Amino acid sequence: MAKYEPATQPTMYFIGVTTGSSSIMKVFPEWAKALGLKDAVMKGIDIAIHADPQEYVDVVKFIKEDPLSLGALVTTHKLDLYNAAHQYFEYLDPYAQMFHELSSISKRGDKLCGHAKDPISSGLALEHFVPEHYWKEHPQAGVLIMGAGGSAISMCSYLMREDFAGNYPAKIVIANRSKPRLKEIEEINAKLDPFGIEFAYYLTPEPGQNDEVLHKMPEGSLVINATGLGKDRPGSPLTDNAKFPKNALVWEINYRGDLRFMHQAEEQQEERNLTIEDGWTYFIHGWTQVISEVFDTPIAGERLQKLDEIAAGFNQNK
Ligand SMILES: NC(=O)c1ccc[n+]([C@@H]2O[C@H](COP(=O)([O-])OP(=O)(O)OC[C@H]3O[C@@H](n4cnc5c(N)ncnc54)[C@H](OP(=O)(O)O)[C@@H]3O)[C@@H](O)[C@H]2O)c1
């Protein structure tokens, strides 16, 4: 029997590890209605972490050859899928080629297309709460990203965009628990950095070491928790002794979990005049960017607003 059954209606896949428990399965049918995507459905495909490369080849070839399978959003397997199956794509966007990862699979005519959307969706999420000319107007302010994983790499590439010349943070500081990730992001940033933005990298395996890095950040800096602590595992990368810079922008990139980091910021919000943002908008942009590609339909402005409201109705944290 074939591993994947041909789709009988327009189908988008969610390729992950435990896709059934994601709230997108409940949200998607309502989004499809709002977008006027007739008969469209979302199906989960669960693949074990770091699966055999053939698994990624099989799923990509299936989507490529099955007419009503229109595309997919890929989590967790972004790098492995790219490495195993990028040769089956007729188009790969510049970010996919640069970072060797794929979060979006779609079709245009007889072309299979792959995109890495995270630099775009993390950028849109940042634009939601960081004012347009913020860095120019706050020349002393820097960015501290705790965690050097995929989302940190995406954010750095966004902050370094060439068209932002004249509006860059004074410094981008990255703190990570282990050395290999820190080395990897340093190498990627060194290749991208178009106008000599200053970077600093700190190895912070022990509690309290992120606090020390935070205490060096100037007033008005952007402080980001991209470690997954507070969602993937309980806790925060900071201890309760940490003090945020005055007037800082604080971003917890998750929106569910114990969100300890965000609560630490809330405890100092008034005294230090902090602007605090969670990961909800990031989540909405992450999904809508890919759905827009798969169904070849623009999602912005009022349409985006509508989808945000629908999804919020399914999220008990909202
Ligand atoms: N809202 C959204 O839509 C959205 C979108 C993207 C990501 N996220 C969430 O954001 C989180 C990060 O995503 P990701 O893909 O970047 O994850 P990732 O690749 O697993 O990266 C997390 C990084 O944080 C580091 N880390 C963990 N604890 C630390 C600590 N105490 N101090 C310093 N560094 C620490 C890890 O270090 P080592 O592994 O090197 O030790 C790792 O490099 C996840 O929880 C993910 O679910 C949310």
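Bear in mind that the values here come from a model prediction, so they are computed numbers and not experimental data.

## Section: the packing of helix H1 (residues 24–35) against helix H12 (residues 301–312)
Right, so step 1: Where H1 contacts H12, the axes come no closer than 10 Å and their chain directions differ by 150 degrees. Between H1 and H12, the angle is such that the two are roughly antiparallel. In the packing of H1 onto H12, the handedness of the crossing is right-handed. On H12, the residues that touch Val27, Glu30, Trp31, Ala34 and Leu35 of H1 are Arg303, Lys306, Leu307, Ile310 and Ala311.

## Some words on the pattern of salt bridges
Right, so step 1: In the structure shown here, the tally under the stated rule is 15 salt bridges.
Right, so step 2: Two residues, glutamate 271 and arginine 272, come together in a salt bridge whose shortest N-O distance is 3.7 Å.
Right, so step 3: Where salt bridges share partners, they join Arg108, Lys117, Glu293 and Asp296 into one cluster.

## Here we look at the packing of aromatic side chains
Geometrically, a pair of aromatic rings is defined through the distance of the ring centres and the angle of the planes.
Right, so step 1: Across all of its chains, the model carries 15 aromatic pairs by this definition.
Right, so step 2: Seen in terms of ring centroids, tyrosine 13 and phenylalanine 62 are 5.9 Å apart; in terms of plane orientation they differ by 70 degrees. Their pairing is edge-to-face. Note that tyrosine 13 is positioned in strand S1 (residues 11–16) and phenylalanine 62 in helix H2 (residues 53–65), a separation of 49 residues in sequence.
Right, so step 3: Owing to a relative accessible area of 4%, tyrosine 13 belongs among the buried residues under this scheme.

## Some remarks on the sheet that holds strand S7 (residues 143–146)
Right, so step 1: In space, the 6 strands of this open sheet follow the order S9-S8-S7-S10-S11-S12, with parallel pairing throughout. Two strands bound the open sheet, and with one partner strand each, they are strand S9 (198–203) and strand S12 (275–277). If you compare each strand with its neighbour and ignore which way they point, the axes differ by 15 degrees on average.
Right, so step 2: The pairing of S7 with strand S8 (residues 171–176) spans 4 bridges and is parallel. When the sheet's bridge partners are listed, methionine 146 is paired in S8 with alanine 175.
Right, so step 3: Strands S8 and S9 of the sheet are contacted by helix H8 (residues 179–192), whose axis makes an angle of about 170 degrees with S9.

Here is what the cut-offs are and how they apply
- Residues numbered from 1 in each chain as written.
- Predicted model: local features only at pLDDT ≥ 70, side-chain atom pairs only at ≥ 80, totals over all residues.
- Heavy atoms only, no water.
- Axes fitted to C-alpha atoms, helices over the stretch in contact; angles between N-to-C directions.
- Helix = DSSP H or I, 4+ residues; strand = E, 2+ residues; numbered from the N terminus.
- Parallel < 35°, antiparallel > 145°, perpendicular 65-115°, else oblique.
- Left-handed = near helix turned anticlockwise from the far one by under 90°.
- Contact = heavy atoms within 4.5 Å.
- Salt bridge = Lys/Arg side-chain N within 4 Å of Asp/Glu carboxyl O.
- Phe/Tyr/Trp six-rings, centres within 6.5 Å; stacked < 30°, edge-to-face > 60°.
- Buried < 20%, exposed > 50% of the residue type's maximum accessible area, 1.4 Å probe, protein only.
- Pairing = 2+ DSSP bridges.

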